[in-house]
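# Coordinate inspection notes
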Amino acid sequence: EEQIRLLLNSTAEGIYSTDQAGICTLCNPAALEMLGYQSEDEVIGKNMHELIHYSHLDGSALTQEECQIKNAISKMQAAYSADEVFWKADGSWFYVEYRAHPVVKEGEIVGSVVTFHDITEQKLLHQQSIRTAQLASLGELAAGVAHEINNPINGVINYAQILLNRLQNSNIDTDLADRIIKEGERIATIVRDLLFFARESGPEVRLANVDDLLAEALSLTEAQIRKEGISLQIDAAGDLPQVYTRAQQIQQLFLNVLSNARHALNEKYPERDDRKKIEIFIDVAEKRKKQFVRVSIKDYGCGIPGKMLEKVMTPFVTTKPAGVGTGLGLSISHEIVNNHKGEFEIKSREGKWTEVVVILPAVEKDEDE
Ligand SMILES: Nc1ncnc2c1ncn2[C@@H]1O[C@H](COP(=O)(O)OP(=O)(O)OP(=O)(O)O)[C@@H](O)[C@H]1O
Ligand SMILES: [Mg+2]
C-alpha cells in the first residue's frame, strides 16, 4: 500500500481512478497540479467528466455518450486520445494525451483508471512547424514569381515615367500615365513584400534600443497620424535593456502594426474624434528567468471579430479592399519576431480595440559589459 502511494506521488504522469459511475476515487499529485487543484478533496467524489472533460476546445459540449473515457467503463474498452483537451480549475485548458482503462474485479467492471499528461507544448510546436513549412513553400514560390515580375514591372514603371515626362511638356492630361505609375508601384511593393519570405538572411544584426527603433518608425508615419486626427500616447519605462535586432525589420514591423491601427481607427471614426487614439507601452518583462523588452501597441479602432482573429497572421488574409491591403503585414511581422526569437501576440475586442504585443529577448545586463 505504502509502496503504491509513493509511486503515485512521485510520477510525473497524471493518474486518477473513478468508480463505475465516473466519480473520482483517487487522484495523484501530478494530476492535481496539471488540473490546477490544491488538494485531493476538491476532486474526489466529483464526476470527472463534468469536472475536466465537459467540452471540446471550441466550447461545444462533449457529451458523456461520445466520451471515450466513459466508454472504457460502459464498453469495457481501453481508450487513447491525443487530440482532446482537459479543463482546469480556473477555466483554462490544456491539450492532453490520455489512456483510459477499465478496472476489472472478479470479472466485473468496477471503474476506470486514467493516466494523462499535458502535451500543449508539443502541439503548439507542431502547429508552428506546419506554419514554417507553409511559409517556406510560399517563400520558394514567391522567389520564383517575384523574379519574373520584378523586371517587367520596373519596365512598365519606367516607360510610363517617360510618357509622363513627354506629356508634361505638351498640354495633354497626364492622369493616365500617373495612374500607370501608381498601380505599377503597388505591384512592385507586393513583390518586394513577398520576397521577404524568400530571403534567407536579412540585414546585419546589431544592438539597438527598441524605443529608438520605434521612434524612427514613428517619424516616418507621424505626419499621417497627425493629419488623420489620431492622438498618440507613448509610455516607455526608463533604463530599458538593449536587444539584438535586424533594425530595419523591427522598424518594418512597427510600421505594419501602426498602419493597421491607423486603418482601424479611420474605419471606426471617419471624422475627427477625441476617442481616436493609439497607446504604446514599452517595458521589461521576465519569462523563464530571462529578460524581454515588451512593446504593446493598442488602438481603439474597429477591432477584429473572434473568428477572424485566428487567421489574421496567415498570408493574404485581409478584410481590406484590393489595393488597400494585401494581407501580408501581420504575417511578415510575425515572421520578423520569430526571426528574433521573440513572441508576437494579437488580442482584440470586436468594435472596441486591438492590441499587438511584441516581446523581444533582451541582452542580459552582465552580457553587454
Ligand atoms: N489593429 C487592427 N484593428 C482591426 N483589424 C485589424 C488590425 N490589424 C489587423 N487587422 C485585421 O487583420 C487583417 C490582416 O492584417 P494584415 O496587416 O496582415 O494585412 P492588411 O493590413 O489587410 O494588408 P497589408 O498589411 O498587407 O497591407 C486586416 O485586413 C484586418 O482585417
Ligand atoms: Mg496591414
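Up top you'll find the structure we're talking about.
Residues numbered from 1 in each chain as written. Chains lettered and ligands numbered in written order. Predicted model: local features only at pLDDT ≥ 70, side-chain atom pairs only at ≥ 80, totals over all residues. Heavy atoms only, no water.

## What about the pairing of strand E1 (residues 14–19)?
Counted residue by residue, E1 has five buried out of six residues, so it is predominantly covered. Where E1 lies against strand E5 (residues 108–118), six bridges are found, and the strand directions are antiparallel. Its bridge partner lying in E5, tyrosine 16 is registered against valine 114. Note that E1 and strand E2 (residues 24–27) share three bridges and pair antiparallel. Bridge pairing links serine 17 to leucine 26 in E2. Counted between consecutive antiparallel strands, the loop separating E1 from E2 contains four residues, among which glycine 22 sits at a positive phi close to 85 degrees. (Buried < 20%, exposed > 50% of the residue type's maximum accessible area, 1.4 Å probe, protein only. Helix = DSSP H or I, 4+ residues; strand = E, 2+ residues; numbered from the N terminus. Pairing = 2+ DSSP bridges.)

## So, the sheet that holds strand E10 (residues 290–299)
Across the sheet, which stays open at both edges, the five strands sit in the order E7-E9-E10-E12-E11 with mixed pairing between neighbours. One side of each edge strand has no neighbouring strand; the edge strands of this open sheet are strand E7 (231–236) and strand E11 (343–349). The mean angle between the axes of side-by-side strands here comes to 15 degrees, regardless of whether they run parallel or antiparallel. Sheet topology places E10 next to strand E12 (residues 353–361); eight bridges connect them, and they run antiparallel. Opposite lysine 298, over in E12, you have glutamate 355 as the bridge partner. In this fold helix H8 (residues 247–268) packs onto strand E9 (277–287), E10, E11 and E12, with an angle of close to 30 degrees to the strand it touches most, E10. (Axes fitted to C-alpha atoms, helices over the stretch in contact; angles between N-to-C directions. Contact = heavy atoms within 4.5 Å.)

## Side note on empty space enclosed by the protein
Taken as a whole, this structure holds one cavity of 30 Å³ or more when the rule is applied. In this structure, the largest cavity encloses a volume near 90 Å³. If you go around the largest cavity, the residues you meet are Tyr16, Thr18, Gly22, Met48, His49, Ile52, His53, Cys67, Ile69, Lys70, Ile73 and Ser112. Taken together, the elements giving at least two residues each to the lining of the largest cavity come down to E1, helix H3 (48–52) and helix H4 (68–74). Across the lining of the largest cavity, the residue classes tally to six nonpolar, five polar and one charged. (1 Å grid on protein atoms, 1.4 Å probe; cavity = no way out; pocket = protein on both sides within 12 Å on 5 of 7 lines; lining within 4 Å. Points joined across faces, edges and corners; volume = space filled by probe spheres on them. Nonpolar A, V, L, I, M, F, W, Y, C, P; charged D, E, K, R; others polar.)

## Notes on the side chain of histidine 334
Along the chain, histidine 334 falls in helix H10 (residues 329–339). Judged by relative accessible area, histidine 334 falls into the buried class, the value being 11%. Beyond its immediate sequence surroundings of up to four residues, histidine 334 is in contact with Arg131, Met313 and Phe344.

## Description of a nonpolar patch on the surface
On the surface, a cluster of nonpolar side chains totalling about 310 Å² of accessible area is made up of Leu141, Val145, Ile149 and Ile187. Here the element with the most residues in the nonpolar patch is helix H5 (residues 120–169); it accounts for three residues. Positionally, isoleucine 149 belongs in helix H5. Taking the relative accessible area as the measure of exposure, isoleucine 149 reaches 31% and is therefore partly exposed. (Patch = residues over 30% accessible without salt bridge, like charges linked within 9 Å, V, L, I, M, F, W, Y side chains within 5 Å. Areas by Shrake-Rupley, 256 points an atom, 1.4 Å probe, with all protein chains shown as cover. Salt bridge = Lys/Arg side-chain N within 4 Å of Asp/Glu carboxyl O.)

## Focus: the packing of aromatic side chains
Counted under the stated rule, the structure contains seven aromatic pairs. Ring centres of phenylalanine 86 and tyrosine 98 lie 5.8 Å apart, and the angle between their planes is 5 degrees; on these two criteria the pair is classed as stacked. On the criterion of sequence distance, the pair formed by phenylalanine 86 in strand E3 (residues 79–87) and tyrosine 98 in strand E4 (residues 93–105) is long-range, its members being twelve residues apart. With respect to burial, phenylalanine 86 and tyrosine 98 carry one shared label: buried. (Phe/Tyr/Trp six-rings, centres within 6.5 Å; stacked < 30°, edge-to-face > 60°.)

## Points about the packing of H5 against H10
If you want to describe how two helices pack, look at the angle between their axes and the distance between the axes. Running from N to C, H5 and H10 point in directions that differ by 115 degrees, and their axes come no closer than 13 Å. Put simply, H5 runs roughly perpendicular to H10. Every pair of crossing elements has a handedness; the one defined by H5 and H10 is left-handed. Contact residues: H5 offers Gln128, Arg131 and Leu135, while H10 offers Ser331, His334, Glu335 and Asn338. Of the residues in the contact of H5 with H10, the class split is one nonpolar, four polar and two charged. (Parallel < 35°, antiparallel > 145°, perpendicular 65-115°, else oblique. Left-handed = near helix turned anticlockwise from the far one by under 90°.)

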